[in-house]
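An overview of the molecular structure
Residues per chain, in single letters:
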Amino acid sequence: CDGGEFNTAECGYDDGDCDEFNRLYPDCDVEFPWYLGDGECDGKKYDKPECGFDGGDCEYPTCNAFNLTYLGDGYCDGGEFNTPECGYDDG
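For clarity, every value in this text was computed on a predicted model and none was experimentally measured.

**Considerations on the state of the cysteines**
- Tallying each qualifying case throughout the model produces 4 disulfides.
- Disulfide pairing is shown between Cys28 and Cys51; the S-S distance is 2.0 Å. Judged by the sign of its S-S torsion, about 95 degrees, the cystine formed by Cys28 and Cys51 is right-handed. Of this pair, Cys28 sits in the loop between α2 (19-24) and α3 (52-55) while Cys51 sits in the loop between α2 and α3, and the two are 23 residues apart along the sequence. No difference in accessibility class separates Cys28 from Cys51, as the two residues are buried.
- A sulfur-sulfur distance of 1.8 Å marks the disulfide that ties Cys63 to Cys86. As the torsion about the S-S bond is roughly 90 degrees, the Cys63-Cys86 disulfide counts as right-handed.

**Thoughts on the nonpolar core**
- Residues Cys41, Cys58, Tyr60, Cys63, Ala65, Leu68, Leu71, Phe81 and Cys86 constitute the largest nonpolar core, which totals 9 residues.
- Residues in contact with Cys58, not counting those within four places in the same chain, are Cys41, Asp42, Asp47 and Phe53.
- Membership of the second largest hydrophobic core comes to 7 residues, among which are Phe21, Val30, Tyr46 and Cys51.

**Description of the packing of aromatic side chains**
- Counted by the stated rule, this structure contains 8 aromatic pairs.
- Their ring planes at 85 degrees and their centres at 6.1 Å tell us that Trp34 and Tyr35 sit as a pair that is edge-to-face.
- On the accessibility criterion, Trp34 (44% relative accessible area) is partly exposed.
- Residue class for Tyr35 comes out partly exposed when judged on its relative accessible area of 26%.
- Summarising the aromatic geometry, the rings of Phe66 and Tyr70 are spaced 5.5 Å apart at their centres and angled 80 degrees between planes, so their arrangement reads as edge-to-face.
- For Phe66, a relative accessible area of 54% corresponds to the exposed category.

Scoring rules and cut-offs
Residues numbered from 1 in each chain as written. Predicted model: local features only at pLDDT ≥ 70, side-chain atom pairs only at ≥ 80, totals over all residues. Heavy atoms only, no water. Disulfide = S-S within 2.5 Å. Helix = DSSP H or I, 4+ residues; strand = E, 2+ residues; numbered from the N terminus. Buried < 20%, exposed > 50% of the residue type's maximum accessible area, 1.4 Å probe, protein only. Core = buried A, V, L, I, M, F, W, Y, C linked by side-chain atoms within 4.5 Å. Contact = heavy atoms within 4.5 Å. Phe/Tyr/Trp six-rings, centres within 6.5 Å; stacked < 30°, edge-to-face > 60°.

Have a look at this one:
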């Protein structure tokens, strides 16, 4: 599913390629639908209930840190990352 202008009725929902995405996330409006469920938490646009918290990639739906890809990267980022909502920077 290429998303954007291709995920429209006029384009046949990317000629059917977006059917599963639209079934799973009918209210998720993101530029790159293939980011959902790719194993990486892609941040605030994707980490919301209507997108299944990035297709399950984001473990901490109440974490409001500015860049969720920093979680669990092996570096203690502190501050807003070092909170219970962010899993204490994922460990």
